[in-house]
There are 2 protein chains.
Amino acid sequence: MKVIRSVQNKQVKEWKKLSTKKGRKKQNAYLLDGWHLVKEALAARSEIKLLLVTEDFKYRAEFEEMNTQNSEEIIISEEVAKHLSETPSPQGIFGVIALKKEQSTPVSLQGGAWLMLDSVQDPGNIGTMVRTADAAGFTGVIFGVGTADVYQPKVVRAMQGSQFHIKLITASLSEWIQQMHKENMPVFGTELNPAAKPYDEVGKYRDFAIVMGNEGNGMSEEILSTTTTNLYIPIKGHAESLNVAVAAGILMFQLKR
Amino acid sequence: MKVIRSVQNKQVKEWKKLSTKKGRKKQNAYLLDGWHLVKEALAARSEIKLLLVTEDFKYRAEFEEMNTQNSEEIIISEEVAKHLSETPSPQGIFGVIALKKEQSTPVSLQGGAWLMLDSVQDPGNIGTMVRTADAAGFTGVIFGVGTADVYQPKVVRAMQGSQFHIKLITASLSEWIQQMHKENMPVFGTELNPAAKPYDEVGKYRDFAIVMGNEGNGMSEEILSTTTTNLYIPIKGHAESLNVAVAAGILMFQLKR
């Protein structure tokens, strides 16, 4: 089995580049860091190009018990693991995962519950929303133009493996909203505006979409004007607003039938 | 007006220590970073010991228009601002705020809606929960033993000024839960356990408490056994759990009358 000990190794340099959007695009892959995420990828029979594992981790029972025979393995040193990880004490296991070919042009959705992100910026918020959409039984998340990249390390960490459970699409929100209108699916925008409709007065749905906006500026005017109805979560105290991931959680659990 | 340009200055070293729990305790103060937070402190007539402001920020209209006459001001260099801040591009304004004397021994609550944190660890989650409690119209948040410190920089950033709107108490959760039982207030625990009661089947309350547990391990057995009822948010997809701040948001908005 191949062993790589030096951070100067050419392959290590390539893996390190997976933390950038350019690197991910060029190699058509992204990096998973940690056992929980790699296990999710194995369970989902996702296309794992490579498993990178430290000697220490390789002989743990939990790893030995897992069927990894379809994935090429490379042993890496602790030093290489530290170099690749964005956490201070990496577990010593990484997966290089193939990026899925995405359906970005609208097609018939045949219903489903969708979360749409309009220029959301914070990777922790984005990853948490994908995880919450999964927990709420949503079909997928559509990443609009201007929203941070799906497979950057901080998003991947916060998604907690939910990318293997629901659909993630990067596309023009306007085009998908048009498609939803064609299929008579309501699209709910969100506004920090008491003139919008209170979120708990619109009932529950099976086939619908919720759009969340940018942390500082909310949804774009352009998208707000194309929704079916815009919703508002009434603020009862003195906070100016809710964190976008918390607001998305409240809405998804309230609206999903 | 006093001007400090060097990061070697003795006072700068003291302010820098406010990022540690020890430093905050010794100086009985904590640091606010940025205009939004300082403005909230000024609006709340909180005890601002010192305002630290760069020359650039001092002559901004928004700062000049604000009544700061009761607070001592010190001019700091951009270098000192960068040294004190935990963000890459600080705005150039800081407040040194007196820590409030806390009521940690239980007293009559006279009702209210309370969020209790049982060993929650992540500062971003904690700050976000305080902000959400404020938005949901809660009375206060009780930080149990083992929960991260209220005034550490990352918590302060995520609270977004909500510490000036609601009560924050660091105390023994068991003692406060006993007090709540005496006052016939229901205390809802939270469990990742489908045997617990679904969160949307218990109705709405004015006077009550919700307890959130540790990110990895949930609530302690000790506290779980003293609650009135334990609640569960049914997971409809394949995610293993919800982020604790998202779960707290869903529960607070669902249960608060």
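Residues numbered from 1 in each chain as written. Chains lettered and ligands numbered in written order. Predicted model: local features only at pLDDT ≥ 70, side-chain atom pairs only at ≥ 80, totals over all residues. Heavy atoms only, no water.

Trainee: With reference to specific residues and values, describe the relation of the copies chain B and chain A.
Mentor: Superposing chain B onto chain A takes a rotation of 180° plus a shift of 0.0 Å along the axis, which leaves an RMSD of 0.0 Å. Expressed as an axis order, the relation between the two copies is that of a two-fold axis. (Least-squares fit on C-alpha atoms with pLDDT ≥ 70 in both.)

Trainee: So what's going on with the domain arrangement of chain A? Residues and values would help.
Mentor: Residues and elements named next belong to chain A. Here the domain parsing of chain A yields domain 1 (3–98) and domain 2 (113–255). Put simply, the middle of domain 1 and the middle of domain 2, counted by C-alpha atoms, are 31 Å apart. If you look at the interface, domain 1 gives 14 residues, while domain 2 gives 11 residues. In total, about 1,100 Å² of surface goes out of reach between domain 1 and domain 2, with carbon and sulfur atoms giving 63% of it. Counting the contacts that link domain 1 with domain 2 gives one salt bridge. Applying the counting criterion to the domain 1 and domain 2 interface returns five residue pairs in polar contact (both at pLDDT 80 or more). Where the side of domain 1 that touches domain 2 is concerned, the elements lending two or more residues are helix H2 (21–27), strand E2 (29–33) and helix H3 (35–43). Broken down by element, the residue count for the side of domain 1 that touches domain 2 peaks at four residues, all from H3. Tallied by class, the residues present in the side of domain 1 that touches domain 2 amount to six nonpolar, four polar and four charged. (Domains from an automatic or database assignment. Contact = heavy atoms within 4.5 Å. Buried area = accessible area lost by both parts, 1.4 Å probe. Salt bridge = Lys/Arg side-chain N within 4 Å of Asp/Glu carboxyl O. Polar contact = N/O pair within 3.5 Å; in protein donor to acceptor, adjacent residues only side chain to side chain. Helix = DSSP H or I, 4+ residues; strand = E, 2+ residues; numbered from the N terminus. Nonpolar A, V, L, I, M, F, W, Y, C, P; charged D, E, K, R; others polar.)

Trainee: Give a detailed account of unusual backbone geometry, specifying residues and quantitative values.
Mentor: All names here are of chain B. Phi angles above zero are rare outside glycine, and Arg 45 is one such case at about 50°. Note that Arg 45 resides in the loop between helix H3 (35–43) and strand E3 (48–54). One non-glycine residue, Asn 184, lies in the positive phi region at around 55°. Tracing the chain through its elements places Asn 184 in the loop between helix H9 (173–182) and strand E9 (187–190). Accessibility expressed as a relative area gives 68% for Asn 184, which makes it exposed. (Buried < 20%, exposed > 50% of the residue type's maximum accessible area, 1.4 Å probe, protein only.)

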